[in-house]
Amino acid sequence: MAQQNALVGVARTAFYPQLTLSGTGGFESVALGSLISAPSAFWSLGGDLLQPIFNGGKNRATLAAQESAYDESVANYRQSVLTAFQQVEDGLSDLNSLSQAATSQNTAVTDARRALDIANDRYVGGLTTFLDVITAQSVLLTNQRLSTQLLGQQMVASVFLVKALGGGWDASAIQNEQVHPKAIQVVQP
């Protein structure tokens, strides 16, 4: 955009006349003895004034083309900025909604775990069949899977947000990173 603005300035300078002054001087003689005498001196002065009138509409057309190119670069820049703002806002919104969903899902996991404990206690006490325990385990597993999926979606949304904000990492820096799950994630009750 800055380059296009400079080219508009260059196109505007074509409307101003250019004045070129030049001069030459020296000595010329056939004989070496008369070289420094006045008749062998020569000089020349000249001026050149190029008027933009003779260019016809070329200067106006060049200026209009450069201004159009500048307007295009401004529009492209604005579009890039608006797209970046949209991506950042989408990322923040996604993280907010996923955070709320993850909180709700974690509560569901806690409640399902408590229901499994109650089903186990009732089975051990002889009040219910093992089918209730299996059902409680199935509900707990489903809630844990959803919680893990929400966590993954939060991480993906975080990566997109960091990307929208301009990055901040290098592929070589994250190449050797390892995922270290907690023991509770490896072995589920």
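Residues numbered from 1 in each chain as written. Predicted model: local features only at pLDDT ≥ 70, side-chain atom pairs only at ≥ 80, totals over all residues. Heavy atoms only, no water.

Section: the side chain of serine 147
Selection rule: Every helix listed is a DSSP run of H or I at least four residues long, and every strand listed is a run of E at least two residues long, numbered separately from the N terminus. Burial classes: relative accessible area under 20% of the type maximum marks a residue as buried, over 50% as exposed, and values in between as partly exposed (1.4 Å probe, protein chains only). Between two residues, a contact is recorded if the distance between any of their heavy atoms is within 4.5 Å.
With respect to the element layout, serine 147 can be found in helix H3 (residues 130-164). With relative accessibility at 17%, the residue serine 147 sits in the buried group. Discounting chain neighbours no more than four positions away, the residues touching serine 147 are Gln105, Asn106 and Val109.

Points about the nonpolar core
As a reminder of what qualifies: Throughout this description, the term nonpolar core refers to a set of buried Ala, Val, Leu, Ile, Met, Phe, Trp, Tyr and Cys residues connected via side-chain atoms within 4.5 Å.
Residues Val109, Ala112, Leu116, Ala119, Val133, Ala136 and Leu140 constitute the largest nonpolar core, which totals 7 residues. Contributing elements (two or more residues each) for this core: helix H2 (58-124) and H3. When neighbours within four sequence positions are excluded, valine 109 is seen to be in contact with Leu140, Asn143, Gln144 and Ser147.

As for the confidence of the model for the protein
This is how it is decided: Scored between 0 and 100, pLDDT is the confidence that the predictor attaches to each residue.
In the predicted model, the protein carries a mean pLDDT of 79, and 66% of its residues have values of at least 70. By mean pLDDT, the top-scoring element of the protein is H3 (92), and the lowest-scoring one is helix H5 (residues 183-186) (51). Throughout residues 185-189 the model reports pLDDT below 50, and contacts reaching past four residues in sequence, or to other chains, amount to 3 contacts.

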